[in-house]
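# Structure assessment
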Amino acid sequence: MTRLSRTLARIGTGFSAMGALIWLLWPQDFLAQIDPEPLLTFLVATGYWIVTEFRSSEEVLEKKSTANDIALSRELIEFHQNEFRELREIDLFQYVNSRIYSNIGRTIDGFRSGRIFFQDKNLNQRMKKLIDSLEILYAHICQNTSPDLIGNVMMTAYKPNENVSQEEYDRRMLLAGEANKLVEVASKSFDSLISKIKTSVPEAYDEKF
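Residues numbered from 1 in each chain as written. Predicted model: local features only at pLDDT ≥ 70, side-chain atom pairs only at ≥ 80, totals over all residues. Heavy atoms only, no water.

## Structural notes on helix 6 (residues 98-113)
So the rule is basically this: The way it works is that DSSP assigns letters per residue, a run of H or I at least four long becomes a helix, a run of E at least two long becomes a strand, and they are numbered from the N terminus. Expected helix span is given by 1.5 Å per residue-to-residue step, counting one fewer step than there are residues. Type-normalised accessible area, obtained with a 1.4 Å probe on protein chains alone, sets the label of each residue: buried when under 20%, exposed when over 50%, and partly exposed for intermediate values. Contacts are residue-level and defined by heavy atoms, with any inter-residue pair within 4.5 Å sufficient. Under this definition, polar contacts are N or O atom pairs within 3.5 Å; protein pairs additionally need one hydrogen-donor-capable and one acceptor-capable atom, and for neighbouring residues in sequence, both atoms have to be side-chain atoms.
Here helix 6 spans 23 Å end to end across 16 residues, near enough to the 22 Å set by a 1.5 Å rise per residue. Those residues of helix 6 that sit buried are Ser98, Ile100, Tyr101, Asn103, Ile104, Gly105, Ile108, Gly110 and Phe111. Buried-residue contacts for helix 6 involve helix 4 (67-81), helix 5 (83-89), strand 1 (96-97), helix 7 (121-144) and strand 3 (153-156). At the N-terminal boundary of helix 6, the capping side chain belongs to Asn97, with an oxygen 2.9 Å from the backbone nitrogen of Arg99. Positive phi shows up at Gly114, right after helix 6, with a value of about 90 degrees.

This is the structure in C-alpha cells:
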C-alpha cells in the first residue's frame, strides 16, 4: 500500500464513522434542525483534518535508506566535519597535508567511475554538483602545486619551498587566492549535500554520529 492510499484509507474510515453517527442521530426534519454556526465549525474542522492527514503523510519516510547510502553518507559527514573543514579554515598558500587532496582525488575518481554513488536520486544530484566543484579545485591544485616532504609528512602548498623571485612568489599567492575561492564554492555544494543527508538519511547519524 502506497503512502497516498494509506492516507486516503484513513480519511475514508473517518468519513464512514461520521456517516454512521449522522445516520444514528438523523432527525425527522433535518433541514429545519440545521444551525449555520455549528455547520460552519464542522466543515472547517473537517477540512483542517483532511489537510493535516496529507501533511503528516508527506513527513513520513516512504522507506528506510539503503545500506549503501548510509555508508556513503557517514563517509561524507566525517570528511565534511574534519578534513574538508581544515581546507576551509586555512589559507591554501600555506602547507596542507597532501592526504586531504588525495582523498578528494579518490572521491572524484570513485564517483566518475560509478563506484561511488547514492541510490537516492536527489542525493546523487547534489553529490554530482559537489564532485563538479571539487574537480575544478583538484585540477587547480594539481596544475599549480607539487607535494613536498616536510617533517616526514607529505605536504602541499602554493607557497614555494625554495627561493624564487618576488614575481613568482606573488604569482603563487594569486593562485592560492583563486584556490581559496574554489574551496568556498565547493563548500556551498558540500553544505547543501550534508543538509539533505540530515533529512533523507537520518540513519547516518545513529550510533557514532
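Text resumes after the structure shown.
## What about the environment of Asp191?
Assignment of secondary structure puts Asp191 in helix 8 (residues 166-200). Spatially, the C-alpha atoms of Asp191 and Ile77 are 9.9 Å apart, while their sequence positions differ by 114 residues. Here Asp191 is in contact with His80 and Arg88, once residues within four sequence places are set aside.

## Some thoughts on the side chain of Ser65
Relative to the helices and strands, Ser65 is located in the loop between helix 3 (36-59) and helix 4. Of the residues examined, Ser65 reaches a relative accessible area of 17% and is grouped as buried. A distance of 3.1 Å separates a polar atom in the side chain of Ser65 from the backbone oxygen of Ser200. Within the structure, the side chain of Ser65 is placed 3.0 Å from the side chain of Glu203, a separation counted as a polar contact. Those residues in contact with Ser65 that sit more than four places away from it in its chain are Ile70, Ser200, Val201 and Glu203.

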